[in-house]
Amino acid sequence: MTSSRLPTSARSAATPTGPYVRVALQALAAVVAGLVAMGVVAGLGLWAAGAADLPGGFAAILAAVVVMASGGKVELSGDAGALAGTQAELTAMPLTVTLVGALVTGYCFLRPLRHHAVTGTRELLLRAASVVVLWLVALAGLSALARHDFPLTLGGGDSTGSLMDLFGELLDATNPTVGFRTDLGPTLFYGLLWILGVLAVALLVSRRTPLPSRLVRYHEPVRPAAFAMLLLLLAYVLVGLVIGIVVAATRGHAAETLAVLLLGLPNITWIALGVGIGGSWQGRAEGPFGLPMPQILDAVLRSKGDSPDLSTVDLSSLAAQDARAWWLLPIAAVLVLAAAFVAAVRSPARTSLWQHSLHLGIAFALAMLVAAPLTLVEARFGLSVLGIGDLASLGGEVLLRPDIWKTVGFALLWGLVAGFLGGLLATRVHRKGEVDQGLSGGSGSEGPGQRPIP
């Protein structure tokens, strides 16, 4: 009654802009929290790896690591004068940084929704779009910082010093340098896919976050299995963390081990999961350079297998180097079955055994379809003269590629069997016959401050 008598300016001031501002601030908090968490983990890992001792550029390296962990592309470049050249290439994701950023960002994205009785499609899209836009803006800013050039000091030995003198005097070559730059286009594209994937997975695994009414029917068949797969991947990371701490405390090289844990722990543990279920990777390691990885994996990559070019990393090849690798099989069996049991317990009691089997089989196959490609490593450095080959003492290569469809196929089979067994075990556990409506995003009264954004 009284609002119609207000002046136009007063009515426009009374429009509900508050919810939009609140959503923007919550999205900003999620982005900042995720990037800060990634920066802290990456900074500690680089410090443990000795990057703080490099001649300047620590901030640039830190920004580059965060960009790579977000799916961005960092290109390496080199220069050694007019007649000599350096070639460098690196494709890898520091998955510890990636995982921490995804967990923190996803949690902060979901937290404001946990106390809502319902979530409208419009509100959910607005929140997701706000996070995506702010994330891409932050990623573009980090890309501008992620650039630096380092001189490679190759002196110290008589032969190497003489070689560099020869370059300088006869071939018009200077001390080689290597630098890195961010390729902004691919970085923003893959960064977009990364943040969309993080938000999608966060919604898939959350049990308490309500869904829009159109998506409620996917709560029961999708969320329990998705949550179980997240637990499985995190369980492997936790086991690897415990082993890494023990190794650092008992076998020395604590700083190097800490660097691996803080930068690339899932790169190793998720390979262990894939190998344990029967999957495989192809790769090689040549030259004095290498990436931080377990000695057994490095030994397999440097061995000559059936192929003259690539070595196969699977359960048998790892066990040939160390018989303890056979433990990957029973560990996989126990943890996958435990994940299947968790999925079955979180599902309604009316879910049949074949449904448990199908849900977990598909979920495990999709989980490995995402996790296995993330472990890809391609690293190469070489110094060439007159464009003719590499100097063997100064070049190196590390390559590790997953056999994706083989690994995904085994994951599907394991998931089908484990889902059936997990559902069988869960029949002895008391469960609700129906999913609670307040948790599934069904009907419910809206409390104060829970009105969907108009």
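Everything in this summary refers to the structure shown in the same document. Just so it is clear, the structure is predicted and the values come from calculations on it, not from any experiment.

Summarising burial for strand S8 (residues 396–402): 6 of the 7 residues are buried, a large majority. Pairing of strand S5 (residues 281–286) with S8, which is carried by 6 bridges, proceeds in the antiparallel orientation. Looking at the pairing, Trp281 lines up with Pro402 of S8.

With that out of the way, let us pick up the packing of aromatic side chains. A full pass over the atoms with the stated rule returns 2 aromatic pairs. Between the aromatic rings of Trp135 and Trp194, the centroid separation amounts to 5.1 Å while the plane-to-plane angle is 20°, which identifies the pairing as stacked. In this pair, Trp135 is assigned in helix H5 (residues 121–145) and Trp194 in helix H7 (residues 184–205), connecting sequence segments 59 residues apart. Of the two residues, Trp135 and Trp194, neither departs from the other in class, the shared state being buried.

Tracing the sequence through the fold places Thr182 in strand S4 (residues 173–182). In contact with Thr182, other than residues within four places in its own chain, are Val67, Lys73, Val74, Ser143, Ala146 and Thr187. Polar side-chain contacts of Thr182 include one of 3.3 Å to the backbone oxygen of Ala146.

In this section: the side chain of Thr351. Mapped onto the elements, Thr351 comes out in the loop between helix H12 (328–346) and helix H13 (353–374). Among the polar contacts listed, one links the side chain of Thr351 to the backbone oxygen of Pro348, at a separation of 3.0 Å.

Bringing a nonpolar patch on the surface into the picture now. Together, Val21, Leu25, Leu28, Val32, Val36, Val40 and Leu44 make up a nonpolar patch on the protein surface, roughly 600 Å² of accessible area in all. Take Val36: it is sitting in helix H2 (residues 18–49).

For the rest of this paragraph, the subject is a positive patch on the surface. On the surface, Arg111, Arg114, Arg207 and Arg208 cluster together into a patch of positive charge. Inspection of the secondary structure assignment puts Arg114 in the loop between helix H4 (95–110) and H5.

Let's shift gears to the pattern of salt bridges. Applying the stated criterion across every chain, the model contains 4 salt bridges. Between Arg401 and Glu378 there is a salt bridge, with its nearest N and O atoms 3.0 Å apart. With a gap of 23 residues between them, Arg401 in strand S8 and Glu378 in strand S7 (residues 377–385) connect regions that are remote in the sequence.

Bringing helix H9 (residues 254–276) into the picture now. Think of an α-helix as turning once every 3.6 residues; residues three or four places apart then point the same way. Over its 23 residues, H9 extends only 27 Å from the first C-alpha to the last, a length that falls short of the 33 Å expected when each residue adds 1.5 Å. Maximum bend of H9: about 85°, positioned at Gly264, with proline Pro266 one to four residues after it. The element H9 is extensively covered by neighbouring structure, given that 18 of its 23 residues are classed as buried. Just past H9, the residue Gly278 takes up positive phi, approximately 110°.

Criteria and thresholds
Residues numbered from 1 in each chain as written. Predicted model: local features only at pLDDT ≥ 70, side-chain atom pairs only at ≥ 80, totals over all residues. Heavy atoms only, no water. Buried < 20%, exposed > 50% of the residue type's maximum accessible area, 1.4 Å probe, protein only. Helix = DSSP H or I, 4+ residues; strand = E, 2+ residues; numbered from the N terminus. Pairing = 2+ DSSP bridges. Phe/Tyr/Trp six-rings, centres within 6.5 Å; stacked < 30°, edge-to-face > 60°. Contact = heavy atoms within 4.5 Å. Polar contact = N/O pair within 3.5 Å; in protein donor to acceptor, adjacent residues only side chain to side chain. Patch = residues over 30% accessible without salt bridge, like charges linked within 9 Å, V, L, I, M, F, W, Y side chains within 5 Å. Areas by Shrake-Rupley, 256 points an atom, 1.4 Å probe, with all protein chains shown as cover. Salt bridge = Lys/Arg side-chain N within 4 Å of Asp/Glu carboxyl O. Lys, Arg positive; Asp, Glu negative; His and termini not counted. Charge placed at Lys NZ, Arg CZ, Asp CG, Glu CD. Expected span 1.5 Å × (residues − 1). Bend = angle between axes of the 7 residues up to and from the residue.

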